[in-house]
Each structure stands twice: as structure tokens, then as C-alpha cells.
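Spelled out, the chains give:
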Amino acid sequence: MHNSLKHNWRYTMTTSPESEHPIKAYGYAARDTSGSLSPLTFSRRATGEKDVRFKVLYCGICHSDLHLIKNDWGFTKYPVTPGHEIVGVVTEVGSKVEKFKIGEIVGVGYLVGSCRSCQNCVSDYEQYCPTYVSTSGFTYFDGTQTYGGYSDHMVSDEHFVLRWPENLPLDAGAPLLCAGITTYSPLRYYGLDKPGMKVGVVGLGGLGHVAVKMAKAFGAEVTVFSTSTAKKQEAIEGLKADHFINSKDEQQMQAARGTLDGFIDTVSAIHPISPLLSTLTTNGKLILLGIPEKPLELSAASLVLGRKTVAGSNVGGIKETQEMLDFAAEHGITADVEVIPIDYVNTAMERLLKSDVKYRFVIDVANSLKAE
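Residues numbered from 1 in each chain as written. Predicted model: local features only at pLDDT ≥ 70, side-chain atom pairs only at ≥ 80, totals over all residues. Heavy atoms only, no water.

**A closer look at a nonpolar patch on the surface**
1) Next: Taken together, the side chains of Tyr 125, Tyr 128 and Tyr 189 present a nonpolar region at the surface, about 340 Å² in accessible area.
2) Next: Looking at where Tyr 125 falls in the secondary structure, it is placed in the loop between helix H2 (119–122) and strand S7 (133–134). (Patch = residues over 30% accessible without salt bridge, like charges linked within 9 Å, V, L, I, M, F, W, Y side chains within 5 Å. Areas by Shrake-Rupley, 256 points an atom, 1.4 Å probe, with all protein chains shown as cover. Salt bridge = Lys/Arg side-chain N within 4 Å of Asp/Glu carboxyl O. Helix = DSSP H or I, 4+ residues; strand = E, 2+ residues; numbered from the N terminus.)

Here you go:
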């Protein structure tokens, strides 16, 4: 997703991507801050005793992929192959793999490694491990860089591989590996997963539209907040939200004061949060999922005078991600997707920058990525 640890960038390229591992791989990579993606031949490690190797079928495009390829966070090492919403079919398993067999459909999300021994890891919060390894652009434990799902195949320790539910579509389900868990986890942790809870969702993009679906599946009464009145029809008719509020309309905001139990705020641009806090009931919670470039302004009084909470959340651990996939399959939750061939990826990135997608691009890797 969007979190990042600068300490993880200890990788220095002493060999070419193509020669550092024995297994040849092929994908699309950015080579500089233009973010332009083009074919790259690289390599992946041999299948270890606890590894699962799989052919990539679909990979979603997350907004954080855009930040990664353009070095917006200041630590991208090129070449970088993005992609952490990956669904594929198992082609090889290591001798000590217990959970997966050849031919099974699997997923890999934002994580491919963690220390497995710290308090976060043993509590199934691998995403908060101080030395977690992200699926693309991070340094793996062997010192080489991780390459994501815009590629022909992946290899991962089985701990970080997810079982794909039988009735969950592969293409429209892929974004759940990021957008799904990123919204499911805070709804669960902060107690907004109970029938009758009044939940607000700020921003109706890749994360926001899934947040609406998750909250509705939990039985919540959902209000979408947006600065764009054009999104009202999408929210009410398309996503079955219960209410829509134009957050620029003072009358509508005033009428909503003190009515909501919690907010899922998916906006990563600078935006005022005090008006959102005013719509929370006593003990209400505003949970931030986006990371704006500059600090948000916050009045202490807006928290103190109502025992309100501003909190954050980042993706989810492996156990919870599996729970989320099973929940999504049970409730028929998928992302709204536009499936594209991989050679369209640069145009897709340009459109994503303009929010010109409803609501998630998914690359049909298996049918469009051909080794040159």
C-alpha cells in the first residue's frame, strides 16, 4: 500500500537484476523518476523449502505504485517493478510447504517478509514489524531487491501466501489484497463492524468504494462524504451507501453534527479534518488511511470536548487478510475494476493520477505479458 520504511533501503546493486538469482523472470519496471514502465528481464530466487512459486494471473494497480515508480517518497531504487495485489496459480512448492499444492489459486498482498519473532509478528501484526519486507522495491533478507506483481511469476515464503476462496473472482478480487484489507482491518479493530453502527467514508476512490462495501456488509449505516457532488449517484445507487454529504456544503455538515460513530478517511491529499470530527458522536473515531504530504491541522478542543479519537491504520496482518478474503467471498464483495493489458499500464498510471478510473485498474498479466 502506501507505508514505507527508509531503513529497508540498504540494497546496493552489485549484480544486474537478471543475474542475481537463478530463475529468469520477466515483467515491467520503471527505471527513473519519470515512472515510465517498460519490459525488464530480471531473476527470482530458486524455490526454497518453504517457498511457493506461482504464475501471476492478475495484478491490481494501487495508488502507492504510482508513488513508488516516481520516487515520491524519496527512496526508490531503480529498476523497480511494482504490484502488491497479486493473484496467481501455484506452479512449484518447496519440500516443507504444508498449506499449498501445485494448481491452487493463491494471492500475495503488500507483505512478503517480516522477522516473525517480534511482538507485532507473534501477534499477527506483521505489517507493523520494524523489519517487514514489502512485495516490491524493498530489500529482502538475502540482500536483493523485491520485484512485484507486474511480472510473469512470483516466489514467496508460504507464510505470506494467501488461500484464494473458490467463489471469489480473480480479477475483481485482486485489489482486495490491498484496498480490501486496508479498510476491513480498521473497521474490525476500532469496533465499527457491528450492525447499526453509523460509519462515514471520506473519499470515493480505490479504497473508499471498498470501505463502503465492507461497512455495509458488517451491517453499518454508511454515509459517504465527498467534495464532488457528481459522486452522489455513484455512492447511493452504485455502491448502496445510505447517505451522501457534500463536505463543502455547510448546511449538510451542520445537520450531520454528532451523528457518526466513526470515519474511514481514505484521502491522501491535504484536507481539513476538524469538520469531520464535528460530525462524530461522543467517543467517535476518525481513522486515517491516507498519508498526506504535509501534517494535518488538529484542534485539541475538537478531541477533548467529546472524548474523540484520531487514529491510523495500515493494511493488515496475514491472518486477518485471509479472514478478509473469506468474508469478501461470503458476502460477494469485490472491487469495481477496469481490466487492462500490461502494455496499457503507462496510460493507466496517467489516468490514475487524474482519478479517471472506477475504481481500480487490474492488469490481466497472464494474457498480456509476453517475454520478448
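**As for the environment of Pro 82**
1) Next: Tracing the sequence through the fold places Pro 82 in the loop between helix H1 (63–69) and strand S4 (86–93).
2) Next: For Pro 82, the residues in contact, after removing those within four places along its chain, are Tyr 28, Leu 37, Asp 65, Leu 68, Ile 69, Ser 136, Gly 148, Gly 149 and Tyr 150. (Contact = heavy atoms within 4.5 Å.)

**A word on the packing of aromatic side chains**
1) Next: Following the criterion strictly, the structure yields eleven aromatic pairs and no others.
2) Next: Seen from their ring centres, Phe 42 and Tyr 147 are 4.4 Å apart, and the 25° between their planes marks the pair as stacked. Of this pair, Phe 42 sits in strand S2 (residues 37–44) while Tyr 147 sits in the loop between S7 and strand S8 (153–157), and the two are 105 residues apart along the sequence. For the residue pair Phe 42 and Tyr 147, the accessibility class agrees, reading buried in each case.
3) Next: When the ring of Tyr 125 is compared with that of Tyr 128, the centres are 6.4 Å apart and the planes differ by 65°; the resulting orientation is edge-to-face.
4) Next: Ring pairing ties together the aromatic residues Tyr 110, Tyr 132 and Phe 138, which thus form one cluster. (Phe/Tyr/Trp six-rings, centres within 6.5 Å; stacked < 30°, edge-to-face > 60°. Buried < 20%, exposed > 50% of the residue type's maximum accessible area, 1.4 Å probe, protein only.)

**Brief notes about the pattern of salt bridges**
1) Next: One pass over the structure, following the stated rule, counts 16 salt bridges.
2) Next: Here Glu 323 and Arg 188 are joined by a salt bridge, their closest N and O atoms 4.0 Å apart. With a gap of 135 residues between them, Glu 323 in helix H10 (residues 318–331) and Arg 188 in helix H4 (residues 179–189) connect regions that are remote in the sequence.
3) Next: Note on Glu 323: relative accessible area 31%, which makes it partly exposed.
4) Next: Close ionic contact of Lys 213 with Asp 336 constitutes a salt bridge, the shortest N to O distance being 2.6 Å. Linking Lys 213 in helix H5 (residues 206–217) with Asp 336 in the loop between H10 and strand S16 (337–340), this pair joins segments that are 123 residues apart in sequence.
5) Next: For Lys 213, a relative accessible area of 18% corresponds to the buried category.
6) Next: With a relative accessible area of 26%, Asp 336 lands in the partly exposed category.

**What about the sheet that holds strand S15 (residues 309–312)?**
1) Next: Spatially, the six strands line up as an open sheet ordered S12-S11-S10-S13-S14-S15, and their pairing is parallel. Two strands close off the open sheet at either side, each with one partner strand: strand S12 (243–246) and S15. The sheet shows a mean angle of 20° between the axes of neighbouring strands, taken without regard to direction.
2) Next: Bridging between strand S10 (residues 198–202) and strand S11 (residues 221–226) involves five bridges; their strand directions are parallel. The residue bridging Val 202 from the neighbouring strand is Phe 225, located in S11. (Pairing = 2+ DSSP bridges. Axes fitted to C-alpha atoms, helices over the stretch in contact; angles between N-to-C directions.)

**Points about the side chain of Asp 193**
1) Next: Within the fold, Asp 193 resides in the loop between H4 and S10.
2) Next: Among the polar contacts listed, one links the side chain of Asp 193 to the side chain of Lys 194, at a separation of 3.2 Å.
3) Next: In this structure Asp 193 touches Leu 187, Arg 188 and Phe 218, once residues within four positions along its chain are discounted. (Polar contact = N/O pair within 3.5 Å; in protein donor to acceptor, adjacent residues only side chain to side chain.)

**Section: the pairing of S10**
1) Next: In terms of residue burial, S10 counts as a mostly covered element, since four of its five residues are buried.
2) Next: A crossover links S10 with its parallel partner S11, the connecting element being H5, and its sense is right-handed.
3) Next: In terms of strand pairing, S10 meets strand S13 (residues 260–265) through four bridges, oriented parallel. By the bridge assignment, Val 201 is partnered in S13 with Ile 264. (Right-handed = clockwise from strand over helix to strand, strands pointing away.)

**A closer look at the confidence of the model for the protein**
1) Next: With 96% of its residues at a pLDDT of 70 or more, the protein has an overall mean of 94.
2) Next: Every residue in residues 1–13 is under pLDDT 50, and counting partners more than four places away or in other chains gives 54 contacts. (pLDDT = per-residue confidence, 0-100.)

**With respect to the pairing of S13**
1) Next: Of all six residues that make up S13, five are buried, and the element is covered over most of its length.
2) Next: Where S13 and strand S14 (residues 280–288) come together, five bridges link them in parallel fashion. By the bridge assignment for S14, Ile 264 is matched with Ile 287.

**Some details on helix H11 (residues 345–353)**
1) Next: Those residues of H11 that sit buried are Val 345, Ala 348, Met 349, Arg 351 and Leu 352. Viewed end-on, H11 has its buried residues packed into an arc of 165°, placing them on one side of the element. Counted as exposed and oriented over 90 degrees from the buried face of H11: Glu 350 and Leu 353.
2) Next: Considering only its buried residues, H11 is in contact with strand S1 (23–30), S2, H1, S16 and strand S17 (360–364).
3) Next: Immediately beyond the C-terminal end of H11, within one or two residues, lies Ser 355, with a positive phi of roughly 55°. (Arc of directions from axis to C-beta.)

**Notes on the nonpolar core**
1) Next: Within the largest apolar cluster, 89 residues are counted, with the highest numbers of intra-cluster contacts made by Ile 61, Tyr 150, Leu 176 and Met 214.
2) Next: Discounting chain neighbours no more than four positions away, the residues touching Met 214 are Leu 176, Gly 180, Thr 183, Tyr 184, Leu 187, Met 324, Phe 327 and Ile 333.
3) Next: Membership of the second largest hydrophobic core comes to 14 residues, among which are Phe 225, Ala 256, Phe 263 and Leu 277. (Core = buried A, V, L, I, M, F, W, Y, C linked by side-chain atoms within 4.5 Å.)

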